[in-house]
Structure formats: C-alpha cells, structure tokens
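Coordinate analysis (summary)
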Amino acid sequence: MDGSELRVVPVACRDREGTPYEVTLDLERDGTPYGAVGERCGWFLARVGHLLEEARADESSWPDPDDRFPCSRDGELFEFRYRERVDVPVAGEFRCHVRSDSAWEKATGWRLHRRAFVEAWGSTGTAVRAVLTSTELAEFLAELVADAEQELGTSYGESVRLGQPPISADGVPIRLGAG
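Quick summary incoming for the structure in this document. (Residues numbered from 1 in each chain as written. Predicted model: local features only at pLDDT ≥ 70, side-chain atom pairs only at ≥ 80, totals over all residues. Heavy atoms only, no water.)

This part takes up the side chain of Glu 93. Relative to the assigned elements, Glu 93 resides in strand β5 (residues 93–105). Other than its neighbours up to four places away in sequence, Glu 93 contacts Leu 27, Val 37, Glu 79, Phe 80, Arg 81, Glu 119, Ala 120 and Trp 121. (Helix = DSSP H or I, 4+ residues; strand = E, 2+ residues; numbered from the N terminus. Contact = heavy atoms within 4.5 Å.)

Put into structure tokens, the structure is as follows:
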C-alpha cells in the first residue's frame with residue numbers, strides 16, 4: 001500500500017541427496033532481502049489456491065466473485081513465519097486473512113465487500129500490506145504455485161485436489177491436523 005514491491009520467491013528445500021521435495025519462501029522488498037518464511041509451504045499455498053477456486057465458483061455465497069473466499073474460522077487463509085523452529089521470530093512473517101468491509105455506493109446504498117489482506121513483516125520489524133480481491137489473490141497464488149512447481153520440477157496436482165498431505169523428505173506422508 002506504500003508503493004513498495006514485495007516479491008515472494010519459492011526456494012527448493014532439498015533432502016540429504018540434494019533432491020528438491022518442497023519449497024520455502026524468500027521475501028524481497030524493493031529488491032532487498034526482507035525475510036525467509038514458510039518451511040515446506042508450497043503444498044499449503046497450492047491447497048489454498050484450489051480452495052479459492054472452489055469458493056469463487058460457488059455462486060450461492062456472494063453475488064460478486066471478487067468477494068468470494070474460502071471459509072475459515074478466523075478469516076486467516078495462511079500464515080507463515082520463520083523457516084526453522086530455531087530461527088529468531090523476527091526473521092519474517094507472511095500471512096493472508098480475509099476481512100469484510102462496508103462501503104457506501106450512491107446507487108445501491110451500503111455494500112459489503114470482502115478482501116484479502118496480504119501482509120509481510122521483514123527482519124527489521126517493518127510491515128507491508130496489499131489489499132486484494134479474490135481474483136487478484138487467485139492470480140497471485142496461481143503464479144506463486146507455478147513458480148514453486150517449476151523450482152521443484154513437479155506438480156502438486158491431485159494431492160491438492162484430494163486434500164492429501166504432502167510427502168516428507170524421507171518419502172513418508174506427513175499427517176496434518178490435530179493429533
């Protein structure tokens with residue numbers, strides 16, 4: 001919102017043999033390193049993108065497709081922090097949450113809009129924010145996931161559509177969710 005440019009660059013995570021198996025995200029603000037977040041987050045981003053596509057296709061939820069987002073209990077679509085548990089918490093953060101806002105439109109009166117707030121914090125503690133429609137968020141996620149898949153040399157494909165958990169570096173499925 002301040003005119004800064006935030007680049008989100010997927011970087012391959014590699015196993016002991018050097019084979020890429022997932023991505024982490026490097027954040028750059030105006031061409032300067034800003035943070036590193038989201039260890040093994042590509043599958044989650046692909047899954048959010050898929051859920052966003054489904055929500056945008058659901059005409060029963062909101063009249064305007066730009067207001068259609070997946071449901072979540074707290075409005076948060078994703079949140080990624082520092083890459084490793086041993087990293088200092090100020091190493092970066094990247095998150096997206098949905099908020100509703102009303103605006104007065106002369107012809108129709110009050111209108112409720114939903115927008116995605118994509119926020120990033122860098123290692124300096126400063127933040128940047130972009131406010132996106134669901135169309136803009138879908139385009140951003142599609143491009144980011146495509147870059148991640150290119151970095152990995154594979155596709156998240158069917159596992160995202162079926163909601164299957166990703167595979168760990170050792171080839172063992174990672175179970176997601178509570179206990």
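Next comes the rest of the account.
With that settled, the discussion passes to the sheet that holds β5. Across the sheet, which stays open at both edges, the 4 strands sit in the order β4-β5-β6-β7 with antiparallel pairing between neighbours. Of all the strands in the sheet, the pair left with one neighbour each is β4 (76–81) and β7 (127–132). Adjacent strand axes in the sheet meet at a mean angle of 30 degrees, parallel and antiparallel pairs treated alike. Bridge count between strand β6 (residues 109–121) and β7: 6 bridges; the pairing is antiparallel. Counted as the bridge partner of Glu 119 is Arg 129 from β7. Running over the sheet, helix α2 (residues 134–152) touches β4, β5, β6 and β7 and is turned about 120 degrees from β7. (Pairing = 2+ DSSP bridges. Axes fitted to C-alpha atoms, helices over the stretch in contact; angles between N-to-C directions.)

Attention now moves to the pattern of salt bridges. Inspection of every chain in the model, using the stated rule, returns 10 salt bridges. Where Arg 81 meets Glu 93, a salt bridge forms, and the shortest distance between an N and an O atom there is 3.5 Å. Pair noted here: Arg 81 is in strand β4 and Glu 93 is in strand β5, with a separation of 12 residues, a long-range link. Accessibility expressed as a relative area gives 42% for Arg 81, which makes it partly exposed. (Salt bridge = Lys/Arg side-chain N within 4 Å of Asp/Glu carboxyl O. Buried < 20%, exposed > 50% of the residue type's maximum accessible area, 1.4 Å probe, protein only.)

The next subject is unusual backbone geometry. With phi around 50 degrees, Asp 30 is a residue other than glycine that occupies positive phi space. With respect to the element layout, Asp 30 can be found in the loop between β2 (20–29) and β3 (32–37). Look at Asp 30 and you get partly exposed, because its relative accessible area is 49%. Of note in the backbone geometry, Arg 40 takes a positive phi value of approximately 55 degrees without being a glycine.

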